[in-house]
Amino acid sequence: MSKFAFAAVALVAAGATTAHAADMPYRSRAPYTVAQPLNAYSWAGPYLGANLGYEWGSVSNTGAKPSGIAGGVTGGYNWQSGNIVFGLEGDLQGTGADDRFATYKFSNPWFGTARGRIGYAFNNVLLYGTAGLSFGSLQAEQSGLQQSQTSVGWTAGVGAEVGIYQNWTAKIEYLYVDLSKNTYTLTGTDSGLSFGTVRIGVNYHF
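For clarity, every value in this text was computed on a predicted model and none was experimentally measured. (Residues numbered from 1 in each chain as written. Predicted model: local features only at pLDDT ≥ 70, side-chain atom pairs only at ≥ 80, totals over all residues. Heavy atoms only, no water.)

**Describing the overall build of the protein chain**
Logical step 1: A tally of helices and strands in the protein chain yields one helix and eleven strands.
Logical step 2: Reading the protein chain from its N terminus to its C terminus gives the helix and strand order α-β-β-β-β-β-β-β-β-β-β-β.
Logical step 3: Among the 206 residues that make up the protein chain, the fraction classed as buried is 46%.
Logical step 4: Sequence-distant contacts, at least 24 apart, represent 61% of the contacts inside the protein chain between residues at least 6 apart.
Logical step 5: Summed over its atoms, the accessible surface of the protein chain is roughly 9,500 Å², and 65% of this surface lies on carbon and sulfur atoms. (Helix = DSSP H or I, 4+ residues; strand = E, 2+ residues; numbered from the N terminus. Buried < 20%, exposed > 50% of the residue type's maximum accessible area, 1.4 Å probe, protein only. Contact = heavy atoms within 4.5 Å. Areas by Shrake-Rupley, 256 points an atom, 1.4 Å probe, with all protein chains shown as cover.)

**Some points on the pairing of strand E6 (residues 125–142)**
Logical step 1: Where strand E5 (residues 104–122) lies against E6, 15 bridges are found, and the strand directions are antiparallel. Opposite Ala121, over in E6, you have Leu126 as the bridge partner.
Logical step 2: Hairpin connection, E5 to E6: the antiparallel pair is bridged by two residues, and Asn123 has positive phi, about 60°.
Logical step 3: When E6 meets strand E7 (residues 145–165), the two strands line up antiparallel, connected through 18 bridges. (Pairing = 2+ DSSP bridges.)

**So, the side chain of Ser134**
Logical step 1: Mapped onto the elements, Ser134 comes out in strand E6.
Logical step 2: At 3.1 Å, the side chain of Ser134 and the backbone nitrogen of Trp154 are in polar contact.
Logical step 3: Not counting residues up to four positions away in its chain, the partners in contact with Ser134 are Gly112, Thr113, Ser151, Val152, Gly153, Trp154, Thr155, Val177, Asp178 and Leu179. (Polar contact = N/O pair within 3.5 Å; in protein donor to acceptor, adjacent residues only side chain to side chain.)

**Focus on the packing of aromatic side chains**
Think of a pair of aromatic rings as described by two things: how far the centres are apart, and how the planes are tilted against each other in angle.
Logical step 1: Inspection of every chain in the model, using the stated rule, returns ten aromatic pairs.
Logical step 2: For the pair Tyr77 and Trp79, a centre-to-centre distance of 4.8 Å together with 50° between the ring planes defines the contact as tilted.
Logical step 3: Relative accessible area serves as the criterion here: at 25%, Tyr77 is assigned to the partly exposed category.
Logical step 4: Among the aromatic side chains, those forming a connected cluster through ring pairs are Tyr77, Trp79 and Phe86.
Logical step 5: Positioned over the ring face of Tyr128 is Arg117, at 4.4 Å from the centre of the ring. (Phe/Tyr/Trp six-rings, centres within 6.5 Å; stacked < 30°, edge-to-face > 60°. Lys NZ or Arg CZ within 6 Å of the ring centre and 35° of its normal.)

So this is what it looks like as structure tokens:
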């Protein structure tokens, strides 16, 4: 995993912890929460959000290293027991990641994930790990001909999320995504895509 991604997460967490010292409105939604401390910030319940980031990776059995901007939508649900927050999250991303190798162009038009999350809440600051299923498309192109394959794989990462105002939170997240290989008749190789992505986003908690 990128040392820059971990550094970014640490910086956001440190800054958010300092900001937390100021008076911030608490969200208390007892029906969704197990053993929630009195007057503590609540992470429990459903949420929707959007994110924007950057992706960089490589295509196996080629020298292609697609990279580019990625962005999309996120949705999930949290449960909370004391300081422990756990839940499920899914996202769908469109990307501009591509690269040329020899006479071929490889691109990743889209990908998505379905993951579990578990973390520790320092009141309105949540540090978490996440892992689960990934899926997405790898497209090869040569001389105007295209071949796309959709693959499944796995993903894992870390992140920090901060309550910024009432029901709104902001986050920074690093994910590593590995999509399985498929046979491309256009290139005559079995190729798969693996990449890292760092993204920032906002969520609205209902």
